[in-house]
Amino acid sequence: MKWEMVLIALGVLAAIGVIFGLVLEYASKRFAVETDERVNRVRSCLGGANCGACGFAGCDAFAAAVVAGEASVTACTPGGEGTARAIADILGVSAGESGPRMVGHVFCQGTSGIAKDRYEYQGISSCRAAAGHSGGPKLCRFACLGLGDCVSKCSFGAISIADGVAVVDPARCKGCGACAQVCPRGVIKLVSEDDTVNVYCRNTDTGRTAVEACMRACVACKRCEKECKYGAIKVENGVAVIDHGKCTRCGVCVEKCPRHCIVME
């Protein structure tokens, strides 16, 4: 009698399982959300770094957004022109003309022995953490702290630390801007790879204060401004600024700068 009860119970459970299975199968088909096959095709064109340069949470989110018309086909900066064209072909639209490639530049030459130290930092290896200790170990408040927040953030291995300053490898840089976002000093900027003449200093302090902090600091002497025949460089807010639209890359400003803070790549 007991075995009969057990078999009946097992039979009932099996029947309930079959019923629930059928219900779930029906529900999955009845309420299934149709996925545009183009999303997967667009996703396959992306690098998968999930760097966020497109403004979305990751590659999956961007693929869905671009198919829905909520993102530009050119928004995947790391993918470049090739990715934009591939996405445009999938969606049957024009990729348009892409601008010059953007790469990260570290606007600081404050290496060891060039930028003066305020104190010896012995905390955790983080620029953000160091910046919270009396403004950081380097006397210049605009200097790269060189503790590698940008290195750990870069998904492409394009940044390294050399002699206390971050260095970007332009061949590896994809222009995603993640390094610029994480830098607590705002030292890293995205610039056009065509802009080969740059002022590698952002120090807007007075000349005396700047000199005391770094041997390569711009002191707003305006010699570059006076020597430029094309009006392509001006001293603004205590630091030289180049108008790349006017710059002819003649190199005169580089030659005349007494602080060697203007560099031609």
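Preceding block: the structure.
Residues numbered from 1 in each chain as written. Predicted model: local features only at pLDDT ≥ 70, side-chain atom pairs only at ≥ 80, totals over all residues. Heavy atoms only, no water.

Caption draft 1: Broad picture of the pattern of salt bridges. Tallied over the entire structure, the rule returns 5 salt bridges. The partner of R43 in a salt bridge is D60, and the shortest N-O contact between them spans 2.6 Å. With R43 in helix α2 (residues 37-45) and D60 in helix α3 (residues 59-67), this pair connects stretches of sequence that are 17 residues apart. Among the residues examined, R43 registers a relative accessible area of 26% and is labelled partly exposed. (Salt bridge = Lys/Arg side-chain N within 4 Å of Asp/Glu carboxyl O. Helix = DSSP H or I, 4+ residues; strand = E, 2+ residues; numbered from the N terminus. Buried < 20%, exposed > 50% of the residue type's maximum accessible area, 1.4 Å probe, protein only.)

Caption draft 2: Here's a closer look at the pairing of strand β7 (residues 239-242). Pairing of strand β6 (residues 233-236) with β7 involves 4 bridges; the strand directions are antiparallel. Paired with V235 across the two strands is A240, which belongs to β7. Where β6 folds back onto β7 in an antiparallel hairpin, the turn is made up of 2 residues, including N237, whose phi is positive at roughly 55°. (Pairing = 2+ DSSP bridges.)

Caption draft 3: Geometry of the packing of aromatic side chains. Scanning all chains against the criterion turns up 2 aromatic pairs. Seen in terms of ring centroids, F56 and F62 are 6.3 Å apart; in terms of plane orientation they differ by 50°. Their pairing is tilted. We classify F56 as partly exposed; its relative accessible area is 26%. Overall, the relative accessible area of 1% leaves F62 in the buried class. Measuring from centroid to centroid gives 5.5 Å for F107 and Y200, while their planes differ by 25°, and the two rings are stacked. One end of the pair, F107, is in the loop between β1 (102-106) and α5 (127-131); the other, Y200, is in the loop between β5 (197-199) and α8 (207-213), and 93 residues separate them in sequence. Pair check on accessibility: F107 and Y200 agree, each one buried. (Phe/Tyr/Trp six-rings, centres within 6.5 Å; stacked < 30°, edge-to-face > 60°.)

Note that all results are geometric; they support no functional claim without further evidence.
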